[in-house]
Amino acid sequence: MYRPKFCAECGEKIIRLRWHLWTSRRFCERCSPRFLKDQLIQLAAAGIAVLVLGIAIGQAAHPKPPPLIIQRSQDSSVLSSPANRVPAGNATAPLAEEIYICGARTKKGTPCSRRVHGPVRCWQHKGMPAMLPQEKLRIHD
């Protein structure tokens, strides 16, 4: 490893009995405290550059997720045909499906009034029993 014989700042001869990684290689004992801040800033900048480079390489190597593909069953194409569509004035579901309300007990203690397709619970009350009998859950239009 290179060991200079003279200080780069004042020109004084450098005499060190033991060289360590943390000792200054370019400056004597008197001049090294003046340049310690600059050396630490250079070291920190190099560390940040390595960190940013690592993040950039990691992002470039990370594969992009596949696009979301929604597959519809054949039944949905029948329901969405023009013959089965409900007129614009009536905002209910298509004629082929029966509409129910969830009917599960809410925090307030009343039955949930969300509309669901079939005798099931809504996304929030999935798995809970209904408060009302099955006949009262069906919506008659």
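Look above for the structure.
To start, this report covers the structure provided alongside it. (Residues numbered from 1 in each chain as written. Predicted model: local features only at pLDDT ≥ 70, side-chain atom pairs only at ≥ 80, totals over all residues. Heavy atoms only, no water.)

## Considering the overall build of the protein chain
Secondary structure summary: the protein chain contains 3 helices and 2 strands in total. For the protein chain, the α and β elements follow one another from N to C terminus as α-α-β-β-α. The buried share of the protein chain, taken over its 141 residues, is 19%. Nonlocal contacts in the protein chain, meaning residues at least 24 apart in sequence, comprise 23% of its contacts between residues at least 6 apart. (Helix = DSSP H or I, 4+ residues; strand = E, 2+ residues; numbered from the N terminus. Buried < 20%, exposed > 50% of the residue type's maximum accessible area, 1.4 Å probe, protein only. Contact = heavy atoms within 4.5 Å.)

## Comments concerning the nonpolar core
In terms of nonpolar packing, the biggest core is built from 8 residues, these being Tyr100, Ile101, Cys102, Ala104, Cys112, Val116, Cys122 and Leu137. Apart from residues lying up to four places away in sequence, Cys112 is in contact with Ile101, Cys102, Gly103, Ala104, Thr106, Cys122 and His125. Judged by nonpolar contacts, the second largest core, of 6 residues, contains Cys7, Phe27, Cys31 and Phe35. (Core = buried A, V, L, I, M, F, W, Y, C linked by side-chain atoms within 4.5 Å.)

## Points about the state of the cysteines
Going through the model one piece at a time under the given rule, you end up with 0 disulfides. Residue Cys7 stays outside any disulfide, its sulfur separated by 3.7 Å from that of Cys10, the closest cysteine. Distance from the sulfur of Cys112, which forms no disulfide, to the nearest cysteine sulfur (Cys122) is 4.0 Å. (Disulfide = S-S within 2.5 Å.)

## Observations regarding helix H1 (residues 32-61)
Spanning 30 residues, H1 covers 42 Å between terminal C-alpha atoms, matching the ideal 44 Å at 1.5 Å per step. A maximum bend of about 25° is found in H1 at Asp38. (Expected span 1.5 Å × (residues − 1). Bend = angle between axes of the 7 residues up to and from the residue.)

## Re the side chain of His125
Checked against the element boundaries, His125 lands in the loop between strand S2 (115-117) and helix H3 (134-137). Residues in contact with His125, not counting those within four places in the same chain, are Cys102, Ala104, Arg105, Thr106, Cys112 and Arg114.

## Side note on the side chain of Arg121
Assignment of secondary structure puts Arg121 in the loop between S2 and H3. Looking at Arg121, its side chain comes within polar contact range of the main-chain oxygen of Cys102, at 2.8 Å. Among residues more than four places away in sequence, those in contact with Arg121 are Cys102, Ala104, Val116, Lys126, Gly127, Met128, Pro129, Ala130 and Leu137. (Polar contact = N/O pair within 3.5 Å; in protein donor to acceptor, adjacent residues only side chain to side chain.)

## Here's the deal with the environment of Glu9
Locating Glu9 in the fold gives a position in the segment before H1. When its relative accessible area of 41% is taken as the criterion, Glu9 is described as partly exposed. When neighbours within four sequence positions are excluded, Glu9 is seen to be in contact with Phe27, Cys31, Arg34 and Phe35.

So yeah, pure geometry; function would need other evidence.
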